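Descriptive analysis of the structure
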Amino acid sequence: MEAQQEASWFRDKFLEIKDMVGRVIVGQDQVVESTLVALAANGHVLLEGLPGLGKTLLVRTLSEAVSLPFSRIQFTPDMMPADVTGTNVLVQSREGERAFEFRKGPVFANLVLADEINRATPKTQSALLEAMQEHRVTVGGVQNELPEPFLVMATQNPIEQEGTYPLPEAQLDRFFFKLLVPFPDRADLARIVQQTTGTEEPVTAHVATGEDVLKMREVVRKVVLAEDVLARGLAIVLGTHPEGEGTTDHAKKYVRYGASPRGAQALVTAAKVYALLDSRFNVSFEDLKRAARPALRHRIVLNYEAEAEGVTTDQVVGQALASVERGTKDPIGV
Amino acid sequence: MSEFERSLQPFRRRLRVVGAWAGLAYGVCLGALVAGVWVALDFARLAYADWGQLAVAVGACALAGSVAGAVWRWDPIAVARSVDLRGQLRDRAVSAEEAGKDEFAQAVRHDAVSRVSELDPAVLYPLRARRTQLIAAVSVAAVALVFGLGSSPLLRGPKSAEERAELAKAGQAVVRVAKPLGERPKSGPMAAGDRKLASDMNRLGEDLQRGRVNREEAMRTANKLAEQAERQAKAHVEEAKAEIAKAQTALRQYQQSQLSEAGVDMEKLDAIELSQEQLEFIEKERVEQGWKNERSEGESEKLDQLGLKEDARALAELSPQQRDQLRQATNERMAELQRQIDKMDSLPPEQRKAMERQIAEARRQMEEMRDLMQSLEMSEDVEKALRELAQSPEAQELAKKLQEMQSMAQQQSEGKQPDPEQLKQMAEQMKQLAEKLKDPATRAAMKEMMKKALEEMESGKMSKESAQQMAAALGMMQELQNPGGGGTGSQDQFADTGKIVRSEKEMETKGKTTKTGVRGEWGKGGKEYNVELKAPTQLGSKSSVPYRKILPSYKKAAESAVDRDLVPREHEKRVKEYFDSLGKG
């Protein structure tokens, strides 16, 4: 059956890429998998973690694994939007004719690492908005299409708040996933040290192509989503809202704005990827659960009370999940 | 049916079994609720229940619940979702149920079928005692416990249990008595009253059997019921009297019509008026001639029933020979008067004139009587009709039955129980007699009336059964007040109510009751014989005040009343004897 072959190919390819990246990125399996999920779901990733946890290495390794060009933008406060998107420059031909020519910026790559994005000014940050959402850049009134597949992986440091510009909600909402990069445990740290201080460096092979990635995205969209499962997914999203149907006590108390419709889209799309990874052709509630936190945590705006009490968006999402799970009862209670 | 739907069929079948099991539990819960309400109403004495009725209520609800659970149609999505949850299929079944027709949808269904086929319906839907079943069992047990303890003598002392047994026995008697009363015809003027009485009696009987009332309360209720029964009985008697009057009228009309057919002018008979002198003349002749009543008893009776006035009766009772003799005596008297007139020539004119007026008046009366006798001259046909009427066995029987019914109505009014079988037979016989007395032309109206009266009597309006039931209702009083038997006869049932049972004659009593006849005065209208029954308390040894303790004070009060001339002199001796006899007892 073709569907089974497609699903099987997807899973195999995904695991192949994951395995390849995992050879280099030690102790961050969850982050690697989630990044690949975003790649397969046609989404961008916001990585939040301390410096030196391998974020840049992750992007570079991924680009090698999927055989796609990679660019890295180190955001600084003095960076201008043109430094991201590119700009028109005056060029003179051999005949002496002068004309403006568009010089593509670093965003013109399949995989873009926006390192420490919160250090750039909002003006520069917003330069990424169109690129992330529309997959194109407009400079001087001319639209320039970005290459496909296109994936932005932005990083931000959670502790260095001095001289940073927190990402506006509109830009945060454009990230498919927000991944928290944890500090590796002792065993993983030992492996990292040994692997990076020895003579042998892990070699990354090309296990996929850009076409494979695009095909993976097509397969993902075919996964069946039942009405009943969708209803539960929407209940999770609505459970993060402080008002309305299905709200939770946590949301009422600590949330200013709940997850956006893009959050619901991200939730379902990510769940479809997880379903394929679980050798299924349909989305289940378990898939939604796996996707809920990375897909929704950056789309929820907490209030001051939450900040004062140290409540996180993950807790709010957890409450919404628990609420939906409690409401999921056997309709035949005999 | 798709492959996926076929794969869910075993689960649907299993759901019928499990649904029946769950429905059974819900039904039992509902039944327990119903039974609980019933028991509460039973304790509140608003409705009555027994173990069988409660079991039927619970069983019926359980059965209904079980059937409803078995036939319940589950939503396919609900079934798929349930199988998903129980079989941990990660929403495969519900996705397959909702999936479209593309390749992935088919893959989902194929995947779901393979997963569902690995599941055992009996494992997913086991028959086990869950919370509902537990609640059902506890509910039934609780209701049974409450009802059982409430009706059980276990928590009672020996004395209380004995009293309860006595009351229960009385209660059974009350219910037994009330049963036929409740089965009376549902229509008729007395039906509503009879039904209410039967209902009240049933309620009292149930209360007694369940020990919901104590002896004192039962006595009060019984007294009220007795009063109610008495009113009903009196009403039935009045109704019976009215019906008898109808029957009498019908009989008279029948006889009159038969005589009219034979040529007797009943209007002329009614118009006969004789003066005192004429009547005295007839009586004088009767004495002098030594006339005996040559009419047979039946003929005289018929003449009575014809309703003739005394004047017509004096002439009509005479036989043809006697009438001839009277006519002859009349002629002789007239001749004698004529002779007296002839001899009056020697008298002074005033006296002669007065005598002439007297003699003329006497002569006019004699002539008038002779004319009347001529007009009353009955033809052979009339005489024959009268004889036939008198000798007709059907008419005789009819009259006899009527008399018996009157007698029974009288007995009813005196509180005696008529024999129901006898009444029934009598009604049947009267009906047959009415059929025999056929004369379509002239007696149709009479027969119709008679039949109607008989039918009404048969349908119960005429109190033959009413009297029986009322008397039976009164009879239960005896049972209630003295369950051990003995006591007074059935006619003494109101002794405990403080009422005085009046009768034309002394009543015979049975058992331990002593009676004292007292001739008293009732109002200003002369004397009336009455009997006042003064029996020992019906509660006997269970009286709240010992008999010996209260007697001296009552005796002293009676003696004081005698000393103060409050008691008629002729009764003083009887009062003393009465209290002396109590002291000896």
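Predicted, not measured: the structure shown is a model, and the values here were computed from it.

What about the overall build of chain B?
- Assigned secondary structure in chain B consists of 23 helices and 2 strands.
- Out of the 585 residues belonging to chain B, those deemed buried represent 41%.
- A fraction of 73% describes how many contacts in chain B between residues 6 or more apart in sequence connect residues 24 or more apart.
- Carbon together with sulfur atoms contributes 52% to the accessible area of chain B, which is approximately 32100 Å² in total.

Notes on the overall build of chain A
- Scanning chain A from N- to C-terminus turns up 14 helices and 11 strands.
- Within chain A, residue pairs in contact and separated by at least 24 positions form 76% of the contacts whose partners lie at least 6 positions apart.
- A total of about 15400 Å² of accessible surface is found on chain A, and carbon and sulfur atoms cover 50% of it.

As for the nonpolar core
- One finds Phe 10, Ile 17 and Leu 62 of chain A together with Val 83 of chain B to be the most contacted residues of the largest nonpolar core, which totals 102 residues.
- Looking at this core element by element, the count peaks at 10 residues for helix α11 (residues 261-277) of chain A.
- Counting residues in hydrophobic clusters, the runner-up holds 25 residues, among them Leu 46, Met 79, Ala 131 and Val 152 of chain A.

Remarks on the interface of chain A and chain B
- On the side of chain B, 26 residues touch chain A, which itself brings 32 residues to the contact.
- For the pair chain A and chain B, the summed buried area comes to about 2500 Å², and 62% of that belongs to carbon and sulfur atoms.
- For Asp 278 of chain A, the salt bridge identified is with Arg 90 of chain B, shortest N-O distance 3.3 Å.
- In this assembly, chain A and chain B are joined by 11 residue pairs in polar contact (both at pLDDT 80 or more).
- Within the residue set of the side of chain A that touches chain B, elements represented by two or more residues are α1 (2-24), α8 (210-222), α9 (227-238) and α12 (285-296) of chain A.
- With 5 residues, the single largest contributor to the side of chain A that touches chain B is α1 of chain A.
- Here the residues of the side of chain A that touches chain B are counted per class, giving 15 nonpolar, 6 polar and 11 charged.

A closer look at the sheet that holds strand β8 (residues 151-156) of chain A
Residues and elements named next belong to chain A.
- A sheet is described by the order of its strands in space; here 5 strands give the open sequence β2-β5-β8-β1-β9, paired in parallel fashion. Every other strand in the sheet has two partners, leaving β2 (70-74) and β9 (177-181) as the edge strands with one partner each. For this sheet the average axis-to-axis angle between neighbouring strands, irrespective of direction, equals 20°.
- The pairing of strand β5 (residues 111-115) with β8 spans 4 bridges and is classified as parallel. Considered in β8, the bridge of Leu 111 is made with Leu 151.
- Across the sheet, helix α2 (residues 29-40) lies against β1 (45-49), β5, β8 and β9, angled at about 165° from β9, the strand it touches most.

A short note on the environment of Met 366 of chain B
- Inspection of the secondary structure assignment puts Met 366 of chain B in helix α16 (residues 349-376).
- Residues Met 366 of chain B and Gln 278 of chain B, spaced 88 residues apart in sequence, show a C-alpha to C-alpha distance of 7.4 Å.

Here's the deal with unusual backbone geometry
Residues and elements named next belong to chain A.
- The omega torsion of the bond from Glu 148 to Pro 149 falls at -5°, within 30 degrees of zero and hence cis.
- With respect to the helices, strands and loops of the structure, Pro 149 is situated in the loop between β7 (142-145) and β8.
- The backbone of Glu 116 sits at a positive phi, close to 50°, despite the residue not being glycine.
- Considering the arrangement of structural elements, one finds Glu 116 in the loop between β5 and α5 (122-134).

Quick word on the pairing of β1 of chain A
All names here are of chain A.
- Across the 5 residues of β1, 5 count as buried, placing the element largely inside the fold.
- As paired strands, β1 and β8 are joined by 4 bridges and run parallel to one another. Residue Leu 47 lies in a different strand from β8, and its bridge partner there is Thr 155.

Focus on the side chain of Arg 297 of chain A
All names here are of chain A.
- Considering the arrangement of structural elements, one finds Arg 297 in the loop between α12 and β11 (301-302).
- Among the polar contacts listed, one links the side chain of Arg 297 to the backbone oxygen of Lys 178, at a separation of 2.4 Å.
- At 2.8 Å, the side chain of Arg 297 forms a polar contact with the side chain of Asp 314.
- Those residues in contact with Arg 297 that sit more than four places away from it in its chain are Lys 178, Leu 179, Leu 180, Ala 292, Thr 313 and Asp 314.

Some thoughts on the pattern of salt bridges
- Going through the model one piece at a time under the given rule, you end up with 27 salt bridges over all chains.
- Glu 16 of chain A serves as the salt-bridge partner of Lys 13 of chain A, at 3.9 Å between the closest nitrogen and oxygen. Highlighted residues: Lys 13 of chain A and Glu 16 of chain A, both in helix α1, separated by 3 residues, approximately one helical turn.
- The buried category is assigned to Lys 13 of chain A, whose relative accessible area is 13%.
- Residue Glu 16 of chain A is classed as partly exposed on the basis of its relative accessible area of 36%.
- A salt bridge links Asp 314 of chain A to Arg 297 of chain A, with the nearest nitrogen and oxygen atoms 2.8 Å apart. You can see Asp 314 of chain A sitting in helix α14 (residues 313-327) and its partner Arg 297 of chain A sitting in the loop between α12 and β11, a full 17 residues away along the chain.
- Of the residues examined, Arg 297 of chain A reaches a relative accessible area of 12% and is grouped as buried.
- Here the salt bridges share partners, and the residues they tie into one network are Asp 228 and Arg 232 of chain A together with Arg 81 and Asp 91 of chain B.

Considering the side chain of Thr 85 of chain A
- Looking at the element boundaries, Thr 85 of chain A is found in helix α4 (residues 82-85).
- Look past the residues within four positions of Thr 85 of chain A in its chain and what remains in contact with it is Phe 102, Arg 103, Lys 104, Gly 105, Val 107, Phe 108, Ala 127, Val 137 and Val 139 of chain A.

Focus on the environment of Thr 312 of chain A
Residue and element names in this part refer to chain A.
- Following the sequence through the fold, Thr 312 ends up in the loop between α13 (304-309) and α14.
- With a relative accessible area of 37%, Thr 312 lands in the partly exposed category.
- Spatially, the C-alpha atom of Thr 312 lies 9.1 Å from that of Tyr 254, the residues being 58 residues apart in sequence.

Focus: helix α12 (residues 276-289) of chain B
- Here α12 of chain B is 14 residues long and its end C-alpha atoms lie 20 Å apart, about the 20 Å a rise of 1.5 Å per residue gives.
- Backbone geometry just after α12 of chain B places Gly 290 of chain B at a positive phi near 65°.

Section: the pairing of β8 of chain A
- Counting buried residues along β8 of chain A, 6 of its 6 residues qualify, which places the element largely inside the surrounding structure.
- Burial of the side chains of β8 of chain A extends over both faces: Leu 151, Met 153 and Thr 155 of chain A are buried on one face and Val 152, Ala 154 and Gln 156 of chain A on the other.

Looking at a nonpolar patch on the surface
Residues and elements named next belong to chain B.
- Residues Leu 30, Leu 33, Val 34, Val 37, Leu 41 and Leu 46 make up a contiguous nonpolar surface patch of roughly 520 Å² in combined accessible area.
- Structurally, Val 37 can be placed in helix α1 (residues 3-43).
- Owing to a relative accessible area of 44%, Val 37 belongs among the partly exposed residues under this scheme.

Quick look at α14 of chain A
- The end-to-end C-alpha separation of α14 of chain A is 21 Å, in line with the 21 Å expected for 15 residues at 1.5 Å each.
- Within α14 of chain A, the full set of buried residues consists of Thr 313, Asp 314, Val 316, Val 317, Gly 318, Ala 320, Leu 321 and Val 324 of chain A.

Structural notes on the packing of aromatic side chains
Residue and element names in this part refer to chain A.
- With the rule as written, the count across this model stands at 6 aromatic pairs over all chains.
- When the centroid spacing of 6.1 Å and the interplanar angle of 25° are considered together, the rings of Phe 10 and Phe 14 count as stacked. Pair noted here: Phe 10 and Phe 14 are both in helix α1, with a separation of 4 residues, about one helical turn. Of the two residues, Phe 10 and Phe 14, neither departs from the other in class, the shared state being buried.
- Arranged with centres 5.7 Å apart and planes meeting at 70°, the rings of Phe 102 and Phe 108 form a pair that is edge-to-face. You'll find Phe 102 and Phe 108 in the same group, each marked buried.
- We note Lys 215 situated over the ring of Trp 9; from NZ or CZ to the ring centre the distance is 4.5 Å.

As for the confidence of the model for chain B
All names here are of chain B.
- Per-residue pLDDT for chain B has a mean of 70; in total, 58% of the residues score no lower than 70.
- The least confident element of chain B, judged by mean pLDDT, is helix α21 (residues 464-481) at 39; the most confident is helix α2 (residues 51-71) at 93.
- Here residues 438-443 scores under 50 on pLDDT; set against residues more than four positions off or in separate chains, the count is 12 contacts.
- Contacts for the low-pLDDT stretch residues 460-543, under 50 throughout, to residues beyond four places or in other chains number 159 contacts.

Rules behind the numbers
- Residues numbered from 1 in each chain as written.
- Chains lettered and ligands numbered in written order.
- Predicted model: local features only at pLDDT ≥ 70, side-chain atom pairs only at ≥ 80, totals over all residues.
- Heavy atoms only, no water.
- Helix = DSSP H or I, 4+ residues; strand = E, 2+ residues; numbered from the N terminus.
- Buried < 20%, exposed > 50% of the residue type's maximum accessible area, 1.4 Å probe, protein only.
- Contact = heavy atoms within 4.5 Å.
- Areas by Shrake-Rupley, 256 points an atom, 1.4 Å probe, with all protein chains shown as cover.
- Core = buried A, V, L, I, M, F, W, Y, C linked by side-chain atoms within 4.5 Å.
- Buried area = accessible area lost by both parts, 1.4 Å probe.
- Salt bridge = Lys/Arg side-chain N within 4 Å of Asp/Glu carboxyl O.
- Polar contact = N/O pair within 3.5 Å; in protein donor to acceptor, adjacent residues only side chain to side chain.
- Nonpolar A, V, L, I, M, F, W, Y, C, P; charged D, E, K, R; others polar.
- Pairing = 2+ DSSP bridges.
- Axes fitted to C-alpha atoms, helices over the stretch in contact; angles between N-to-C directions.
- Expected span 1.5 Å × (residues − 1).
- Patch = residues over 30% accessible without salt bridge, like charges linked within 9 Å, V, L, I, M, F, W, Y side chains within 5 Å.
- Phe/Tyr/Trp six-rings, centres within 6.5 Å; stacked < 30°, edge-to-face > 60°.
- Lys NZ or Arg CZ within 6 Å of the ring centre and 35° of its normal.
- pLDDT = per-residue confidence, 0-100.

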